[in-house]
Amino acid sequence: MPCLKQIFSKEKFVQNGSVIKRWKICGKTVLSQERLREGTQVCFCGKVFYIKHHLKTKFIWKCSAYQKTINRFLSDSKAKKIVLLSHNLTVTGAPLALYKIALILRNCGWKVLFVSPRGGHLSEILKENEIDYLIVPHILQAKFSVYQRLFSKFDAAICNTYVGTYAATCLQKFIPTLLYIHEAKDGLINLSNNAEHFLSGLPVTTLLGELNNVACVSDFAASFYQPYVKKPINIIHNFVKDTNLPRYCNKSSFLKIGYVGAIDDTIKKTDILCKAFADLEKKYPQTELHIIGNTSSVCAQKLIKQYDDKIVWHGEQVGESKDKLFNEMDIIVVPSLSESCSLVALEAAAFAKPIVITENVGAKYMFEHNVSAMIAKVNDVDSLSDCLETLVIDENLRDKLAANARVAYEKFATKENTQKELLSVLEKTITEF
């Protein structure tokens with residue numbers, strides 16, 4: 001029989017200014033945390049300040065300043081209060097989707113508090129739009145008593161993405177709670193790689209089965225999680241803002257094909273697009289591939305080295321500069337291996353652009369092949385190249401797809417549509433509690 005103190009594996013890493021130690025003892029995972037010396041950022045009523053941690057604080061969740069801040073938030077208004085738990089505050093898909101949910105709820109009269117274990121540039125956007133936020137390190141791994149103490153007086157909670165599964169199982173015991181999952185197959189792969197939640201000791205897929213209310217962004221995404229969830233999964237579709245830019249008229253002799261997003265060879269399959277375009281460009285040299293995205297990754301650098309003379313690299317773009325470049329594209333491509341609901345596909349429809357997507361892009365619920373989009377096979381260079389070639393040689397088809405994509409946007413991807421679905425699911429969550 002092994003000694004209880006025998007350590008089978010040990011890790012040490014830094015997170016949010018703290019030194020975290022994780023080790024396994026007789027099959028059980030244990031965490032310890034070094035003394036904290038930095039404060040936690042808070043934005044309340046448009047003002048940013050910091051909570052200082054006592055040097056002897058072992059678990060920062062016990063810091064009374066969090067409770068005081070939340071109590072102040074709760075007493076500030078008589079409106080219904082909702083807490084939105086996000087795994088980080090980066091300007092990426094899932095946190096941005098939750099931010100847009102926050103805007104909808106606030107406009108519908110809710111008072112919203114964003115809570116996250118990690119900061120990021122989204123905090124600046126939250127502050128600009130006067131949405132309160134609180135950063136509590138490791139809050140998604142807190143004990144049940146911590147969730148109860150901090151959030152029991154809220155009227156509802158939304159936990160963002162599969163990372164919030166454990167938090168949702170705790171919160172639903174005392175307030176109406178919704179888990180809102182944004183990933184498709186990639187999320188399920190991450191679940192299998194992180195099989196057991198260290199506090200509950202249960203596989204995350206088992207925790208999913210305990211949840212009363214789960215929502216996904218598309219039927220495609222829901223298909224991966226429904227086997228683990230006992231109740232039918234709700235669908236709350238993504239939305240993107242409408243554009244007021246006039247439709248771009250390309251006066252150049254080159255036809256511009258655009259890609260927007262992360263540059264990788266795993267999920268986004270930017271490498272497949274580059275190969276397909278290289279084949280296309282040999283037959284149609286008057287075409288250009290424009291890639292808009294962060295070029296600092298290993299994959300991006302490899303692709304730049306391989307295709308530098310054939311592709312226009314714009315780097316990461318946001319706001320008006322991104323919209324301007326997007327509007328100048330003649331064709332938009334989303335070559336993903338698996339994607340729950342591509343915001344780029346929705347944006348292409350809003351801009352009335354002909355689009356090529358793969359059969360594993362969740363946003364395909366909006367599109368019909370050869371009617372409002374071209375749908376290529378997954379991870380297939382020839383199929384993607386054929387779809388692009390069809391659009392390059394047929395201007396009338398491009399016009400038809402563009403017009404029908406815009407109709408699909410107005411039907412499925414507007415803010416009004418998402419608001420209707422969100423409020424319906426939230427009302428159901430509260431009523432059934």
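Cut-offs used in this document
Residues numbered from 1 in each chain as written. Predicted model: local features only at pLDDT ≥ 70, side-chain atom pairs only at ≥ 80, totals over all residues. Heavy atoms only, no water. Salt bridge = Lys/Arg side-chain N within 4 Å of Asp/Glu carboxyl O. Helix = DSSP H or I, 4+ residues; strand = E, 2+ residues; numbered from the N terminus. Buried < 20%, exposed > 50% of the residue type's maximum accessible area, 1.4 Å probe, protein only. Arc of directions from axis to C-beta. Contact = heavy atoms within 4.5 Å.

As for the pattern of salt bridges
Stage number 1. If you walk through the whole model with that rule in mind, you get nine salt bridges.
Stage number 2. Put simply, Lys111 and Asp132 hold a salt bridge, and the shortest N to O gap is 3.4 Å. In this pair, Lys111 sits in strand 7 (residues 111-116) while Asp132 sits in strand 8 (residues 132-135), placing the two residues 21 residues apart along the sequence.
Stage number 3. On the accessibility criterion, Asp132 (5% relative accessible area) is buried.
Stage number 4. Two residues, Lys322 and Glu347, come together in a salt bridge whose shortest N-O distance is 2.7 Å. Of this pair, Lys322 sits in helix 11 (residues 319-327) while Glu347 sits in helix 12 (residues 343-350), and the two are 25 residues apart along the sequence.
Stage number 5. Classification of Lys322 as buried rests on a relative accessible area of 14%.

So, helix 10 (residues 298-307)
Stage number 1. Along helix 10, the residues that are buried comprise Cys299, Ala300, Leu303, Ile304 and Tyr307. One side of helix 10 holds all its buried residues, which, seen down the axis, span an arc of 135°. Turned more than 90 degrees from where helix 10 packs its buried face, Val298, Lys302 and Lys305 sit exposed.
Stage number 2. Where helix 10 is buried, its residues touch helix 9 (270-283) and strand 15 (311-315).

Honestly, it's all geometry; don't read function into it.
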